[in-house]
Amino acid sequence: STWTNLAMADLPDARYYHSSVQWNHQVIIFGGHNPSDTDNAPYCDVYAITASKSQVLHNDIDDAPDGRSSHSAIVYRDKMYIFGGCRINKCYDD
């Protein structure tokens, strides 16, 4: 096996403590923190990356859960479920 670095435009900002799941030949990324962000607020965004097409889609979802980090996520029956995580001084159990 070899590692291949794909050159893609519009990749998400650097982040940590985000979730990522595989669905329908895509990697879906939600939330997390930017290591250089000074306000320490977690992201509330979704990226869908399709490596085979070198395609990155960024979605701002109107009814998305609060931005968070250190959460878990799964895909079940074509829906992404997010549980837990934290936002600055709040931890979630939803």
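Thresholds applied
- Residues numbered from 1 in each chain as written.
- Predicted model: local features only at pLDDT ≥ 70, side-chain atom pairs only at ≥ 80, totals over all residues.
- Heavy atoms only, no water.
- Phe/Tyr/Trp six-rings, centres within 6.5 Å; stacked < 30°, edge-to-face > 60°.
- Lys NZ or Arg CZ within 6 Å of the ring centre and 35° of its normal.
- Helix = DSSP H or I, 4+ residues; strand = E, 2+ residues; numbered from the N terminus.
- Polar contact = N/O pair within 3.5 Å; in protein donor to acceptor, adjacent residues only side chain to side chain.
- Contact = heavy atoms within 4.5 Å.
- Disulfide = S-S within 2.5 Å.

### Some points on the packing of aromatic side chains
Then step 1. In total, this model carries one aromatic pair according to the counting rule given.
Then step 2. Taking the centre distance of 4.8 Å and the plane angle of 65° together, the rings of Tyr16 and Tyr17 count as edge-to-face.
Then step 3. Residue placement shows Arg15 over the ring face of Tyr43; its charged tip is 4.1 Å from the ring centre.
Then step 4. Over the ring of Tyr92 we find Arg68, and its NZ or CZ is 4.0 Å from the ring centre.

### What about the side chain of Asn34?
Then step 1. Locating Asn34 in the fold gives a position in the loop between strand S2 (26-30) and strand S3 (46-50).
Then step 2. Among the polar contacts listed, one links the side chain of Asn34 to the side chain of Tyr43, at a separation of 2.9 Å.
Then step 3. The residues touching Asn34, leaving out its near neighbours within four places in the chain, are Asp13, Ala14, Arg15, Tyr16 and Tyr43.

### Observations concerning the state of the cysteines
Then step 1. Following the criterion strictly, the structure yields one disulfide and no others.
Then step 2. Disulfide pairing is shown between Cys86 and Cys91; the S-S distance is 2.5 Å. Here the disulfide of Cys86 and Cys91 is right-handed, its torsion about the S-S bond being about 85°.
Then step 3. Note on Cys44: no disulfide assigned, nearest cysteine sulfur contributed by Cys86 at a separation of 15 Å.

Remember, this is a structural readout, not a statement about activity or role.
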